[in-house]
Structures are given as structure tokens and as C-alpha cells.
Amino acid sequence: MDPVTAPERLGGAARSVALLGRTTRRALTAAVRSGEVLQPARRLYVLPSAEPDAVARAAVDEVLSRAPAA
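Residues numbered from 1 in each chain as written. Predicted model: local features only at pLDDT ≥ 70, side-chain atom pairs only at ≥ 80, totals over all residues. Heavy atoms only, no water.

Q: How would you sum up unusual backbone geometry? Please name residues and give values.
A: The residue Arg43 is not glycine, and still its phi comes out positive at about 65°. As for its placement among the helices and strands, Arg43 is situated in the loop between strand E2 (38-41) and strand E3 (44-46). A residue is classified by how much of its surface remains accessible, and Arg43, at 32% relative accessible area, is partly exposed. (Helix = DSSP H or I, 4+ residues; strand = E, 2+ residues; numbered from the N terminus. Buried < 20%, exposed > 50% of the residue type's maximum accessible area, 1.4 Å probe, protein only.)

Q: Summarise the confidence of the model for the protein chain; cite the residues concerned and give the values.
A: Chain-level pLDDT for the protein chain is 85 on average; 87% of the residues reach the 70-or-more range. Confidence drops under a pLDDT of 50 for residues 63-67, and excluding neighbours within four residues, the segment shows one contact in the predicted structure. (pLDDT = per-residue confidence, 0-100. Contact = heavy atoms within 4.5 Å.)

Structure, rendered in C-alpha cells:
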């Protein structure tokens, strides 16, 4: 799958771990360099048209998934 379709299917924003199951790191890097995909934070990739809520959900997902069990 191309690196623009992958985040599109995930709501417009996703973590690299979710994207790399659907595209290659090389294709994702090329898409960032061309501006088709943005990388606002480490391991976070978003489409320029992504809704702010989708970006926030993807950013929080990393924090919640790495929180230690109580």
C-alpha cells in the first residue's frame, strides 16, 4: 500500500508501528520528504488534510499504549 493511502485508512494520522505494517519505511520517508505526509512528532505521521482530533488520537495512542499496568 502506498504511504498516503495507509494513514488515510487509519483516519488521517497514525503511529509508525501501524503504518509500517501497511507500507515500507523507505516509501514513508519519501512521502515525508515530498510533503505528501507530515511528521509532526517522532513516530507520528499525518496527512496534511488530517483533522486535529485524528492527530490528537494518534499522538495519545502512543502514550496510552506504553503506560505501565497499575
